[in-house]
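# Survey of secondary and tertiary structure
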Amino acid sequence: MPRLPLLIFLIMISVHLPSVQAATRSITGAGATFPYPLYSKWFSDYGKLHPGVEINYQSIGSGGGVRQLLENTIDFGASDTPMTDEQLKNAKIPILHFPMILGAVCLTYHLPGITEPLNLSSSLIADLFLGKIFYWNDPKIQAINPGVNLPNVPIMIVHRSDGSGTTAVFTDYLNKVSPEWKSRVGAATSVKWPVGLGGKGNEGVTGFVKQSPGALGYVELLYAEKNHLSVANVQNAAGVFVKPEAKSITAAAQSSLQAMPKDFRISITNALGKNSYPLSSFTYLLVYREMPKAKGQTLVSFLEWALVDGQKLAESIFYAPLPAVLSLKVKSQLKEIQLK
Amino acid sequence: MKIRNRFDRRFHRTLLGLSSITIGVLALIVAYLIHLSWPAVKEFGFSFLTSTEWDPVAEKYGSGAFIYGTVVSSFLALVISVPLSMSVALVLNELAPKKVAEVIGFMVEMLAAIPSVVFGLWGIFFLAPLLRLYVQPFLGQHFGFIFLFQGPPYGVGMLAAGIILSIMITPTITAICREVFRGVPLHHREAALALGATRWEMIRLAVVKSSWSGVFGAIILGLGRALGETMAVTMLIGNRNEISSSLFAPAQTMASAIANEYAEAGSQLHVSSLAFVGLALFLVSLIVNSLARMVIHRLRARGGMSR
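Remember, predicted model here, so these are calculated numbers, not experimental data. (Residues numbered from 1 in each chain as written. Chains lettered and ligands numbered in written order. Predicted model: local features only at pLDDT ≥ 70, side-chain atom pairs only at ≥ 80, totals over all residues. Heavy atoms only, no water.)

## Overview of the overall build of chain A
The secondary structure content of chain A amounts to 13 helices and 14 strands. Against the globule reference of 20 Å for 340 residues, chain A gives a C-alpha radius of gyration of 22 Å, in line with a compact fold. Projected onto its principal axes, the C-alpha positions of chain A cover 75 × 55 × 35 Å. Every one of the 340 residues in chain A was classed for burial, and the buried ones make up 55%. Here chain A carries 30 positive and 23 negative side-chain charges, and the mean point of each set is 4 Å from the other. (Helix = DSSP H or I, 4+ residues; strand = E, 2+ residues; numbered from the N terminus. Rg over C-alpha atoms; globule rule 2.2 N^0.38 Å. Buried < 20%, exposed > 50% of the residue type's maximum accessible area, 1.4 Å probe, protein only. Lys, Arg positive; Asp, Glu negative; His and termini not counted. Charge placed at Lys NZ, Arg CZ, Asp CG, Glu CD.)

## Notes on the pattern of salt bridges
Under the defined criterion, the tally for this structure stands at 18 salt bridges over all chains. A salt bridge links Asp45(A) to Lys41(A), with the shortest nitrogen-to-oxygen separation between them at 3.9 Å. Of the two residues, Asp45(A) and Lys41(A) are both situated in helix H2 (residues 36-49); the distance of 4 residues between them amounts to about one turn of the helix. You can call Lys41(A) partly exposed: its relative accessible area is 31%. Ionic pairing is found between Arg189(B) and Glu94(B), a salt bridge with its closest N-O pair at 2.5 Å. On the criterion of sequence distance, the pair formed by Arg189(B) in helix H7 (residues 186-194) and Glu94(B) in helix H3 (residues 64-95) is long-range, its members being 95 residues apart. Like Arg189(B), the residue Glu94(B) is buried in the burial classification. (Salt bridge = Lys/Arg side-chain N within 4 Å of Asp/Glu carboxyl O.)

## Looking at the side chain of Thr70(B)
Residues and elements named next belong to chain B. You can see Thr 70 is positioned in helix H3. Here Thr 70 falls in the buried class, since its relative accessible area comes to 1%. Every residue in contact with Thr 70, bar those within four places of it in the chain, is listed here: Leu 227, Gln 252, Thr 253, Met 254 and Leu 281. (Contact = heavy atoms within 4.5 Å.)

## Some points on the sheet that holds strand S5 (residues 119-120) of chain A
Sheets are built from strands paired through backbone hydrogen bonds, the pairs being either parallel or antiparallel. Strand order in the open sheet formed by 3 strands is S5-S10-S11 (chain A), and the pairing between neighbours is mixed. Both outer strands of the open sheet, S5 and strand S11 (241-242) of chain A, are each paired with one neighbouring strand and no more. (Pairing = 2+ DSSP bridges.)

## Section: the interface of chain B and chain A
Residue-level contacts link 27 residues of chain B with 33 residues of chain A. Both sides of the chain B and chain A interface together cover about 2,300 Å² of buried area, and 50% of this is carbon and sulfur. It is Val57(B), Arg240(B) and Glu264(B) in chain B that bury the most area against chain A; as a group they hold 28% of the surface buried on that side. Connecting chain B to chain A are 1 salt bridge. Linking Lys192(A) and Glu53(B) is a salt bridge whose minimum nitrogen-to-oxygen distance equals 3.2 Å. Between the two partners, chain B and chain A, sit 17 residue pairs in polar contact (both at pLDDT 80 or more). Contributions of two or more residues to the side of chain B that touches chain A are made by helix H5 (116-143), helix H10 (231-236), helix H11 (254-261) and helix H12 (268-303) of chain B. Per-element tally for the side of chain B that touches chain A: the top contributor is H5(B), with 4 residues. In the side of chain B that touches chain A, the residues fall into 16 nonpolar, 5 polar and 6 charged. (Buried area = accessible area lost by both parts, 1.4 Å probe. Polar contact = N/O pair within 3.5 Å; in protein donor to acceptor, adjacent residues only side chain to side chain. Nonpolar A, V, L, I, M, F, W, Y, C, P; charged D, E, K, R; others polar.)

## Overview of the environment of Leu299(A)
Residue and element names in this part refer to chain A. As for its position among the elements, Leu 299 is in helix H12 (residues 293-308). Taking the C-alpha atoms as reference points, Leu 299 and Ile 141, 158 residues apart in sequence, are found 49 Å from one another. Ignoring anything within four residues of it in the chain, the contact list for Leu 299 reads Ile 27, Phe 76, Val 287 and Met 291.

## A look at the pairing of strand S4 (residues 95-109) of chain A
Residue and element names in this part refer to chain A. Of all the 15 residues making up S4, 15 are buried; the element is thus mostly covered by neighbouring parts of the structure. By the bridge criterion, 9 bridges tie S4 to strand S12 (residues 280-288) in an arrangement that is antiparallel. Directly across from Ala 104, in S12, lies its bridge partner Ser 280. Pairing of S4 with strand S8 (residues 215-220) involves 5 bridges; the strand directions are antiparallel. Residue pairing across strands places Leu 107 opposite Tyr 218, the latter belonging to S8. Inspection of the sheet shows S4 paired to strand S9 (residues 230-231) by 2 bridges, in the antiparallel sense. Bridging from a neighbouring strand, Thr 108 pairs with Val 231 of S9.

## Observations concerning the nonpolar core
With 182 residues, the main nonpolar core has Leu107(A), Phe129(A) and Phe302(A) as its most contacted residues. Top element by residues in this core is helix H6 (residues 158-182) of chain B. It accounts for 12 residues. With residues near it in sequence (within four places) discarded, Phe302(A) still touches Trp42(A), Phe43(A), Tyr46(A), Ile55(A) and Leu285(A). (Core = buried A, V, L, I, M, F, W, Y, C linked by side-chain atoms within 4.5 Å.)

What follows is the structure in structure tokens.
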């Protein structure tokens, strides 16, 4: 009876037809991996509140997200770094930037026996990643960590081997604080590292640091906290050593409000203000200025929710909420989305 | 009879169609790779293959260090794996009791079923610390005068990548070697024994010597897997775009460079350079495979063995 399976198949398809209709309320996005833990929580929470709405997100990386957005294969993109002028010029439909949440890159190290967080200054971080300091008990490190019994252990630098927004934020910071870094290495999602080992992904760097005494690397805050790694206090532009936490990350955005351009494309690394954590960054949702009505409406309602209620979820997974003033400003940009 | 013929013809055509799909897919892949990498080919030309400068900020790309990493890590894997696989195959076929051979043979083949990311994880959490704490300090202390064993012991690096690759290709080489050794006619062995050969001499003269071309084929299949292996290597090689003479140093292979950078490659030249790396990997595989075919051909012609 070969007909029977076919019959069952047809019945199954017809049963599923209603959900095909509902697919107009399903939207697809792709991009940054950095906010993925938060986004997936947002999308699932929002889906529970609004049955029938389905937001699919593929964390393929910021670069991939921008590429797909420019090729019009997704409904929205996501990126840790704002798009460049050139990329925006190539867009067939104009693109809006929505800062969604704040995150931080932290410096993490493995020094057995040292419990209090180390202090690291901007020039020291640049020297370390340029390969100019070889041992942990170097006088330069000791000078800003008085009272810490630094061991005579070689420093092993660990960086990301894959292209990543985390690297972009970190190198952007180094570019701002060290002229030598700017001329020798520069800032990008992947760079030519002067020293060190490459680990794939935050988990790769975390793994190396966790295993190797003497290692120093940079990862997203979430990974360091989840793995109970030591995290350094970093000296900000005002000269204060600041711990990466929601308060100090939001402070970095707060102090950058005055300089905020209308399209929100700004880097907030090395922000002014004595409370600001200098390795903070926005992460953006990239949205077309013109969208088909049904999909656009769904996305706008979601963004309205994420910019208010969604912010409260951030801290529990080591992101920082936008300053209240800013989230209002971002929300008002929603009016610019034209629904057709 | 007529129906049978028609059926045969249809069968023949279907098979022809299906097999030409594979060739078509290969041609499409190569064509697309060339298309995608064209900007980089135009920009850098042949020097792309020799230059070791890979700087996404300055938009200067060269894959020399990756090619070196791929070739050396694969070669290292063969150096470790070939003697191991051949001995395992011989032991299982010629020496071990049948029951034991079945169990061990099954376990060796199971190695091939482990996903490469699991090999990578095992490498990070077991192999790398083992190398860093024991193997590399030992090698450095006693053989440090050889350029291969110099530099700080990181654990991860070329040596770790070579070892993990050797484990990954061992089941392939072992399985094929076993088949090849099994193909040696029984009367050859009997003849060797009858002439007064010991067991060892019988294995050496009757089994191994007449199987070289088959063994070589096995090695090539293993090499093929080693050249293209991505995930486990990326997790263990240390990902440093540099050529270093020491096996302790981190390196980078072509496959892992693509896996690492493709997702975030921003500029067109970056993407197209990565495609060029892919093309280069394809060429390296092609060259290695053709060389191997030639060698097998020669061996066959000389040895006269069918396998």
